[in-house]
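Chain by chain, the residues:
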Amino acid sequence: SSRISMKFMEDASFMWLVVWTVNNVGVTMLNKLAFSTVDFKYPYFLSFVHMVCNSLGTYYVFWSLKRDAKTGREGLFHKWFGDNLVRKDLDKT
C-alpha cells in the first residue's frame, strides 16, 4: 500500500495537479479578498487576466519541454520535477 502511494506521489502528473490546484485556490482566495475589501468593478477583467497568465504559463512549459527534448539538455522543469516529466501524446484509439 505504501509502495503504491509513493509511486503515485513520484509521478510528474501528480505534482502538476498539486501545483495547479494550489495556484487556482490561491488566485480564488486573492480574488475573494480583492472583492471583499475594495469596490472592484471589473471581475470579468480579473478573470481574463488570470486565464491569459495561465495560458502563457502553459505555453511556456510545453515550449520549454519541447526545446529540451530537441537539444537534449536538462531544462528548468526537469531540474524541478526530475526525469519523470515528459510530454505525452493522448491515446488516439
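To be clear, the structure that these remarks concern was listed above.
Predicted, not measured: the structure shown is a model, and the values here were computed from it.

Calculation criteria
Just so you know, the residues in each chain are numbered from 1, in the order the chain's sequence is written. Note on the predicted model: pLDDT of at least 70 is required for a residue's local features to be given, and 80 or more for side-chain atom pairs to be given and counted; whole-chain, interface and lining totals, by contrast, use all residues. Only heavy atoms go into the side-chain values, all of them from the structure, while hydrogens and water stay out. For the purposes of this entry, the term helix denotes a DSSP run of H or I that reaches at least four residues, the term strand denotes a run of E that reaches at least two, and both are numbered from the N terminus. Burial classes: relative accessible area under 20% of the type maximum marks a residue as buried, over 50% as exposed, and values in between as partly exposed (1.4 Å probe, protein chains only). Whether two residues touch is decided by their heavy atoms; if any such pair falls within 4.5 Å, the residues are in contact. Shrake-Rupley sampling with a 1.4 Å probe provides the accessible areas, and residues are treated as covered by the protein chains on show and by no other component. Like charges within 9 Å and nonpolar side chains (Val, Leu, Ile, Met, Phe, Trp, Tyr) within 5 Å are joined into patches, using only residues over 30% in relative accessible area that form no salt bridge. By definition here, a salt bridge exists when the distance from a side-chain nitrogen of Lys or Arg to a carboxyl oxygen of Asp or Glu is within 4 Å. Think of it this way: a Phe, Tyr or Trp ring, Trp meaning its six-membered ring, pairs with another when their centres are within 6.5 Å, and the plane angle makes it stacked under 30 degrees, edge-to-face over 60, tilted otherwise.

Participant: Got a sec to walk through the overall build of the protein chain? Specific residues and values, please.
Facilitator: Helix and strand counts for the protein chain come out as 4 helices and 0 strands. When the helices and strands of the protein chain are read in sequence order from the N terminus, they spell out α-α-α-α. Across the 93 residues that make up the protein chain, the buried fraction comes to 16%. Within the protein chain, contacts between residues at least 6 apart in sequence are counted, and of these 38% link residues at least 24 apart. With an accessible surface of roughly 8200 Å², the protein chain has 66% of that area assigned to carbon and sulfur atoms.

Participant: Break down a nonpolar patch on the surface for me, citing the residues and quoting the values.
Facilitator: Together, Phe35, Val38, Phe40, Tyr42, Phe45, Phe48, Val49, Val52 and Leu56 make up an exposed nonpolar region whose accessible area comes to about 870 Å². The element best represented in the nonpolar patch is helix H3 (residues 43-71), accounting for 5 residues. Its place among the elements puts Val38 in the loop between helix H2 (12-37) and H3.

Participant: Pulling in residues and values, what's your account of the packing of aromatic side chains?
Facilitator: Under the criterion given, the structure shown has 2 aromatic pairs. Between Phe45 and Phe48, the ring centres sit 6.5 Å apart and the planes meet at 35°, which makes this aromatic pair tilted. A residue pair is termed a helical-turn pair when its members lie 3 or 4 positions apart in one helix, as Phe45 and Phe48 do in helix H3 at 3 residues. Since its relative accessible area comes to 53%, Phe45 is described here as exposed. Take Phe48: its relative accessible area is 52%, and that puts it in the exposed class. Where Tyr60 meets Trp63, the ring centres are 5.9 Å apart and the plane angle is 35°; that geometry is what we call tilted. Within this pair, Tyr60 and its partner Trp63 are both found in helix H3, separated by 3 residues, close to a single helical turn. On the basis of relative accessibility, which here comes to 39%, the residue Tyr60 falls in the partly exposed class. Overall, Trp63 belongs to the partly exposed group, its relative accessible area being 40%.

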